[in-house]
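Take a look at the letters that make up each chain.
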Amino acid sequence: MSTPQMLSVRNLSIEFGGVHAVDDVSFDVQPGEVFAIIGPNGAGKSTIFNLISRFYEPTAGSIFYGEHDLLELPAHRIVRMGIGRTFQNIELFEQATVLQNLLVGRHRHMRSNPFREFLFLPGVKKDELVHRRKVEDVIDLLEIARYRDQRISDLPYGARKNVELARALCAEPTLLLLDEPASGLNTEETDDVSFWLEDIKHDLGVTIVMVEHDMNLVARVADRVLAINNGKVIAIGTPDEIRDNVEVQHAYLGAAA
Amino acid sequence: MQYLFKTRYEDDVRFLAKSGEKIRVGLVVLFMLAAPLMLQDYYLAELGLLLVYAIAGIGLMILTGFTGQVSFGHAAFLGIGAYSHSILMARAVPFSLSILITILIAGLVGMIIGRSASKMHGFYLAIATLAFAILIETVFGEWKSLTGGHAGLAVPALKVFGVTLAKVWQQYYVDLVMAGIVIWGASNLFRAPTGRAFIAVRDSELSARSLGVNVEWVKIQAFGVSAAITALAGALLAHQLTFLAPDVFGVLESLKLLLMIVVGGLGSILGAVFGAIFVSVLPVAISFLKDVLPPSIGQKAGLEPLLFGTIIVLFIVFEPLGIYGRWLKLRFFFETFPYYRKASFVRQKSYLKTERMR
Amino acid sequence: MLPMSDVIHLAITGIAQGCAYGLIALGFVLIYKATEVVNFAHGEFMMLGAFAVLTFSEVLGWGFWPAFGLGCLSIGAVGYLVDAQIMRRIIGQSQASVFILTVAFGFIFRSLAGMIFGWNTQSLDTPFDGRIALGGGIEIGTDRLAIVGATVVLVGALYLFFARTRVGIAMQAASQNQLAAFYMGIPVKRLISFTWAIGAMIAAAAGALLAPVTQVDTTIGFLGIKALSGAIIGGFGSIPGALLGCLLIGLIEPFADYYVPSIKGVSAYVVMLLVLFIRPEGLISQTYQKKA
């Protein structure tokens, strides 16, 4: 292919105590697309995300982001490359307010120096205001203004999902990893998610890789789909191709289907 | 609820956002400034001690309340501060320089502990800090040439810029200024990136990492800042005590610091101050109890740790947010009167999520 | 240099002491594995156990073995109640709060014991007061042998309990995933309280068996901190690792006290801090990273 790859995963494998959670997985993500990863529970979808985030050390394989070898970086440097993410079981800062959560999302763009901040020198205030403004843009986009000053622990589930997406966007990523963005949401909320994903893709120009179970959502927003089972790639293609793929149907419904 | 009509982003960044807060803080500051005119020396000295403990409490609060790193041995930093300041002062180092060096030493020791702490699992750290405190206490006792060992060490008189401040009110103002700086500075920290990174590490290391927070470095920073502030309190405490002995900085003192922040309310600067007020009033309450209780209980040794322990248990079980949490509820009650409902603050049910990776 | 016979003697005392730490550490690890709570009051369970046995056997004069059984049972009951009444209420609170809570328990128990049983050191007569010659002029007290024996027996018994019995397997399940275990019909709450009871009973047994060596007073609970240090050195996640660490501490201590008397009593902590500084996860490391 002549188009430059944004993310390229090659022969990625990881073992946990003899179990091949991810086994020789390769795929490429092109700039500007929505790339979905599907598969039954325990197929290794989230593990792939955790490998890209550098939470796990792969036993073999490589992950390149543009020219950068991600495996050379520690986990906290990944977002500086422009890769943001959300988590399957929402990982927000529970005892902090929505605003504080979103501001931590800006951390990648912040200077931090305890001495300056202890004295709250004028420069600190100036920086804070700049970031505050950026955060407000995201708050507007995802319509979470009414939660702004609430603590996360007081928020309903759906709102938490939105806040987590917002926090990831605050980092202004170029590639966004979304781990089940619609799980646990009702139809209406899922519709919202699909509109936002379109907005994020078109207006912000962010490339999206998402793990998702809801095939309707995947069919609606994804450009290409990767299906995996037992840590192995079983198919890759457009949503329609995947839907008609016999092996994918087997993986989901068992051999009898 | 008091609605805040924010019209500018500055409103979110300001030190005191609500008008009520400004009035309250103003009144407290006014009272503290005027205290020497109104109080007898005994009570003024107690108030000074309270301020010193508030500083120490903020030190531990930054580490345990905001960064989630439990230290069972924070009295060690209090001791390092007290001893290093006294030893330096005794060698004719000027007050401000001595304080500065003390803070730097403690901060450095804190960062070294923090370096290993950053790789430790939660309770390993708790035990390591406890062991560290026991060791430091042993060092104070054994390094006789420097610390005077168990015989003790006399603290030189408080002398700032060549002026001897021997009077109680003079010392009180030194404590007040320091406490003011620490409270203001610590609050600043938590409306800026460093403090937010601390909170992020406390609540979820995983997502903190994914957002670009260098978790190891944050823990080292938190330890450094915390140790430095606690050592400052130690240096001021030395002037209050006028005589240092190793066992002053023992396990019970560490527990007292923990008691302060738990009772005051984990995760708020104001909580540390409330906690300091609480531990200052506690001895009065205990001596009162000793008179009221039948002598068979009241006169027994061990009443103090028993009460310390019981109060901690009661607060953690029934009011995990401490006095600060009570205060929030009280304020909410008045602001929403008569619409307060018990359900406004119901805790959610939760179950243990394992932190072990499988 | 020490003469060889002294070295051997110190080593044997060290191993016996290490087993004592191991015996205490067993309870720590047990409760930790079931609930992920580190019970900092564990040493105080041991102290209470020693006092309970002392009261039953010396004050009431019921003889050592009945007193031993009763003492263990009553401390077991205390352990059960501590979980059922207090620990259960604070599930889901931050680990920091939980640590602080158990430390507070330690202080409460110590003060109460002092108030009830007195602050003086007392001694407990046990059936183990002889000495056995090992040849070469080296002998060992039967009290020490009893500790070694009890450690071996209890480790074996616990292994069988967790590997073979229904209750033990249910406990393992509950420790892996409380919610899932609950959905499978396992009475998670009761099991956890039961684990606390077993942990407390082991501690009480340790307290009584250690009594000839340590005597009985309110401060013997601090042995718990040493046992914890040992367990951490070895690696807290597994019982063999913890035992190994405790043996190591026990072996190092008498020699360190002999050669560096200025750190007498705290050498265990020096060793632990050194180990943690070099290997923050203990000698036998385990992955403790939170699951993503």
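Residues numbered from 1 in each chain as written. Chains lettered and ligands numbered in written order. Predicted model: local features only at pLDDT ≥ 70, side-chain atom pairs only at ≥ 80, totals over all residues.

Student: How would you summarise the overall build of chain B if you had to cite specific residues and measurements?
Tutor: Broken down by element type, chain B carries 16 helices and four strands. A burial count over chain B gives 49% of its 358 residues as buried. A separation threshold of at least 6 residues defines the contact pool for chain B, and within that pool the share at least 24 residues apart is 74%. (Helix = DSSP H or I, 4+ residues; strand = E, 2+ residues; numbered from the N terminus. Buried ≥ 20, exposed ≤ 12 C-beta atoms within 10 Å, placed from the backbone. Contact = placed C-beta atoms within 7 Å.)

Student: Residues and numbers for the pairing of strand β7 (residues 175-179) of chain A, please.
Tutor: Residues and elements named next belong to chain A. The element β7 is extensively covered by neighbouring structure, given that five of its five residues are classed as buried. On β7, burial covers both faces: Leu175, Leu177 and Asp179 on one face and Leu176 and Leu178 on the other are all buried. Sheet topology note: the β7/strand β8 (residues 207-211) ladder contains five bridges and is parallel. By the bridge assignment, Asp179 is partnered in β8 with Val211. (Pairing = 2+ DSSP bridges.)

Student: Go over the nonpolar core, please, and point to the residues and values.
Tutor: Of all hydrophobic cores here, the largest spans 279 residues; its most connected members are Ile55(B), Leu232(B), Ala25(C), Ala50(C) and Ala204(C). Of the residues forming this core, the biggest block, 18 residues, is contributed by helix α8 (residues 188-214) of chain C. If sequence neighbours within four positions are ignored, Ile55(B) has contacts with Met178(B), Ala179(B), Val182(B), Ile229(B), Leu232(B), Ala233(B) and Leu236(B). (Core = buried A, V, L, I, M, F, W, Y, C linked by C-beta atoms within 7 Å.)

Student: How would you explain the sheet that holds strand β9 (residues 224-229) of chain A if you had to name every residue and give the values?
Tutor: Residues and elements named next belong to chain A. A sheet is described by the order of its strands in space; here six strands give the open sequence β6-β7-β8-β3-β9-β10, paired in mixed fashion. Two strands close off the open sheet at either side, each with one partner strand: β6 (83-85) and β10 (232-237). Averaged over neighbouring strand pairs, the angle between their axes works out to 20° when direction is ignored. Sheet analysis places β9 next to β10, joined by five bridges and oriented antiparallel. Looking across to β10, one finds that Val225 is bridged to Gly237. Sitting on the sheet, helix α7 (residues 187-202) is in contact with β3 (34-38), β7 and β8, with an inclination near 145° to β8. (Axes fitted to C-alpha atoms, helices over the stretch in contact; angles between N-to-C directions.)

Student: Before we move on, can you summarise unusual backbone geometry with the specific residues and values?
Tutor: Residues and elements named next belong to chain A. In this structure, Asn11 is a non-glycine residue whose phi angle is positive, near 50°. Within the secondary structure, Asn11 sits in strand β1 (residues 7-16). Since 12 C-beta atoms lie within 10 Å of it, Asn11 is described here as exposed. Even without a glycine there, the phi angle at Phe120 is positive, about 45°. In this fold, Phe120 is placed in the loop between α4 (114-119) and α5 (122-142).

Student: Kindly report on the domain arrangement of chain A, identifying the contributing residues and their values.
Tutor: Residues and elements named next belong to chain A. Here the domain parsing of chain A yields domain 1 (7-82 + 173-253) and domain 2 (94-157). Domain 1 and domain 2 are separated by 28 Å when their C-alpha centres are compared. At the junction of the two partners, domain 1 supplies five residues and domain 2 supplies four residues. Looking at the side of domain 1 that touches domain 2, its residues break down into two nonpolar, one polar and two charged. (Domains from an automatic or database assignment. Nonpolar A, V, L, I, M, F, W, Y, C, P; charged D, E, K, R; others polar.)

Student: How would you explain the environment of Leu244(B) if you had to name every residue and give the values?
Tutor: All names here are of chain B. As for its position among the elements, Leu244 is in strand β4 (residues 243-244). A count of 23 C-beta atoms within 10 Å places Leu244 in the buried class. For the pair Leu244 and Ala151, spaced 93 residues apart in the sequence, the C-alpha separation amounts to 9.0 Å. The residues contacting Leu244, other than those within four sequence positions of it, are Ala82, Tyr83, Ser86, Gly152, Leu153, Val155 and Ala238.

Student: Any chance you could break down the domain arrangement of chain B for me, citing the residues and the numbers?
Tutor: All names here are of chain B. As assigned here, chain B comprises domain 1 (1-38) and domain 2 (39-341). Between domain 1 and domain 2, the residue contacts involve eight residues of the former and 11 residues of the latter. Looking at the side of domain 1 that touches domain 2 element by element, the count peaks at four residues for helix α2 (residues 19-38). Of the residues contributing to the side of domain 1 that touches domain 2, the split by class is seven nonpolar, one polar and no charged.

Student: Please give an account of the packing of helix α1 (residues 4-35) of chain C against helix α2 (residues 42-59) of chain C that cites residues and values.
Tutor: Residues and elements named next belong to chain C. α2 packs onto α1 with a crossing angle of 125° between their chain directions and a minimal axis gap of 10 Å. With respect to their mutual orientation, α1 and α2 come out oblique. In this structure, α1 meets α2 at a crossing whose hand is right-handed. Residues Ile24, Gly27 and Phe28 of α1 form the contact with α2, whose participating residues are His42, Gly43 and Met46. A per-class count over the contact of α1 with α2 returns three nonpolar, three polar and no charged. (Parallel < 35°, antiparallel > 145°, perpendicular 65-115°, else oblique. Left-handed = near helix turned anticlockwise from the far one by under 90°.)

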